[in-house]
Amino acid sequence: MSTASLPPSTPAAASLRLSIEGMTCASCAGRVDRALRAVPGVEAVVVNPVTHVADVRPVTVDARTLAEAVEAAGYSVTRGEIALCIDGMTCASCVGRVERALRAVPGVIDASVNLATERARVVVPAGDDEALIARLIAAVADAGYVASLPDDAAETSSSSDTAHAPRRMDRERLHLIIAIVLTLPLVLPMLALPFGKHWMLPGWLQLLLATPVQFWLGARFYRAAWGALKARSGNMDLLVALGTTAAYGLSVFHLWQGPAHHGERPLYFEASAVVIALVLLGKWLEARAKRQTTKAIRALQALRPTHARVRRDGREIEVRAAEVVVGDVVVVRPGERIPVDGTVLEGDTHADESLITGESLPVAKGVGDRVTGGAVNGEGLIAVTTTAVGTESALARIVRLVEDAQAAKAPIQKLVDRVSAVFVPVVVVLALLTLLGWGLFAGDWNTAILNAVAVLVIACPCALGLATPTAVMAGTGVAARAGILIKDAEALEVAHAVRTVAFDKTGTLTEGRPVLVAQVAVDGDDDALLMRSASLQQGSEHPLAKAVLAAFAACSEGDGAAPTARDVRAVAGRGLRGTVDGRALLLGSRRMMAEAGIDIAPLAARADALAHEGCTVSWLGEAGLGEAGESAPQLHGLLAFRDPPRAHAAQAIAELRRLGVRTVMISGDNAGAAGAVARALGIDDVRADVLPEQKADAVRALARDGRVAMVGDGINDAPALAAADVGIAMGTGTDVAMHAAGITLMRPEPGLVADALDVSRRTVRKIRQNLFWAFAYNVVGIPLAALGLLDPVVAGAAMAFSSVSVVSNTLLLRRWSPRRIA
């Protein structure tokens, strides 16, 4: 451990503070200390094993390198995240420049920028450091852009949907209209020339019309280009500024020279003005299209009621929804949106949860049932006890998950980022070569300039930057509308390649509410067998335990109570053990009986018959070590349970087969019970008697034949969900399962698994189509422009509409809807 202090000359602000996870003693602190000191550039380190904090000097050392050093030592750095809205980005090159600027800020571990959402996500060591935020904003400003914090991290969606977006759209539309009005008089005479009409305006009037377009409406391109040059980089704005300035400048030069001896010198004011007008039109159409891709998340946000009716001090008062606290009783009248998550305290109704879960039919709600904020109350007046509000509500978590997925980068985007980093410099070099080639070898510098201008304005880095994120936004949006929450872009991209889907059985393919269908006692006393089993399972939340307790309650009809069991404990993957009336009882699997030396032969044939019928069999035995003094283990009997398959589960499996996906069931149940369910549903393969800790191994084994998705809902499924290429959790399951999964289904319908794979395939298809067209525009357009086969006006139109076509193609994803299984 480092016990020395930082040198007195080092101010506190000059050190970088890291919160270290995993340290337990002074030895751990020493290992972290040595790992950090080994990083080049580190002058001093102080590690505190009590507060789990490490101070490193100087602060200029790369935070990512420090974090990697700590992780290599076997520990981890607690990370936080800062969200920033970025204004002024126009293309993929801008994204790369902002990311480089943010990553260069001392203390930043990583940064990711999304062009479609205009958001930056900056990973930093945990801790609210206002000075770091200020440095991040300053770094973005130095790169030529404007960064700001979201108005309210809990309430704000992507920056394209902020309160300023409508005003910005109005301003963009006004500028576009003015550009068109000023440009049309320059273009119409050109269109009339093929018909023998010479309506060309005088040169001075052309100059008068083109100048405001060039330097007022086009000022944004100059500002952004200057910012790029200051950062020693390039972007689309630089290409537009160079190209239009060249055309405008050549025209001014010819106008200043006056007529030549063979007639009027050519003027190209219409080319510069039309290019700017077309780019403005493309940007306006692009902005409109991008807003459409976020329509799903805006619809979710619109579900948040602004007010709630709360019972306080014996009366009902109306308060802002933000003022409701956990424990408040909220009254919801028929037809109103439920303002909070909670449990029904009074009343019965139906709730329309279609926009939250994708469930098309209203769901019956009664006393004790959970309701979700944002759902529409049906015909009944209900009182709801609040369990979650604000950022902890289900709706807020859904919005946050969708936003995170939309802001994240798909793995394929890394290729685009590498291409865009060199795109603009390469285009400028090609334009320079075009200028020199035509000027030196053809001797026509006018044509050389026009062809170089065409090369500059045909380039489409904006289309490259929008190809992937807009598709991810649209795909996650339509999926959320259908009740499929995709937590990250990587899961969305990987899911398209899934070839095998592994299902947990209980609660996933079945209802998860088994019923006791038979109890068979060795001595014929079935009631005593049921009573002892109920005693062992009192208070248990296991589905089989609930079935036993429900059967015992129905059998006793309230006349008797089960004895209290002592020393009850669960045996992972096997069952329960405990003491009832002095007997050391075991309730669980055949394996548990064998390990305890209990002979099940007397009921083995009956158990096999029940298992073949699809029942799950549990055994009740006595270990022979109880207070009653029995010397030999003995069998008491068996309990048989049947868990009915979920409605439409068979059709869901058939739909996966139609998609070419193999299905596998991985279950801890015996082979007979698991096989019976698999046969009924048409599942291809069964892995039975799999312990919870073995499920992850089973998934890894399946992965040898291709990508695997795992579908589950319980705590014991979490390792398997994490081990799969794509984890899919049922939204009705445990929080642990949902946390481990990349995709969450908001309602317990196996059919949504096929829908999730389908939307992934369609999204990836759109990404590939978008990237193809984005690259095609450039691969085809730039050579044509360099060869003099494209007029600058045509090149400008192609550049402007490249991004529009990419986003418009993405919007076709909005037509997707889940396949309804009848």
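Structure: see above.
Notes on the structure follow. For clarity, every value in this text was computed on a predicted model and none was experimentally measured. (Residues numbered from 1 in each chain as written. Predicted model: local features only at pLDDT ≥ 70, side-chain atom pairs only at ≥ 80, totals over all residues. Heavy atoms only, no water.)

### Things to note about the sheet that holds strand β24 (residues 616-622)
Ordered in space as β20-β25-β24-β23-β22-β21, the six strands form an open sheet in which the pairing is antiparallel. Looking along the sheet, the strands with just one partner apiece sit at the ends: β20 (515-521) and β21 (566-571). Ignoring which end each strand starts from, the neighbouring axes of this sheet average 15 degrees apart. Pairing of strand β23 (residues 583-588) with β24, which is carried by four bridges, proceeds in the antiparallel orientation. Considered in β24, the bridge of L585 is made with E622. Contacting β20, β21, β22 (575-580), β23, β24 and β25 (634-642), helix α18 (residues 526-536) crosses the sheet at an angle of about 120 degrees to β20. (Pairing = 2+ DSSP bridges. Helix = DSSP H or I, 4+ residues; strand = E, 2+ residues; numbered from the N terminus. Axes fitted to C-alpha atoms, helices over the stretch in contact; angles between N-to-C directions. Contact = heavy atoms within 4.5 Å.)

### Comments concerning unusual backbone geometry
Non-glycine residue D313 carries a positive phi angle of around 55 degrees. Assignment of secondary structure puts D313 in the loop between β9 (307-312) and β10 (315-320). Given the relative accessible area of 77%, D313 is considered exposed. Despite not being glycine, D689 shows a phi value in the positive range, around 55 degrees. Take D689: it is sitting in the loop between β27 (685-687) and α24 (692-702). Given the relative accessible area of 37%, D689 is considered partly exposed. (Buried < 20%, exposed > 50% of the residue type's maximum accessible area, 1.4 Å probe, protein only.)

### Side note on the pairing of strand β19 (residues 498-504)
Taking burial as the measure, the seven residues of β19 include six buried ones, the bulk of the element. Where β19 meets strand β26 (residues 662-666), five bridges bridge the pair, whose relative direction is parallel. In the strand pairing of β26, D504 is matched with I666.

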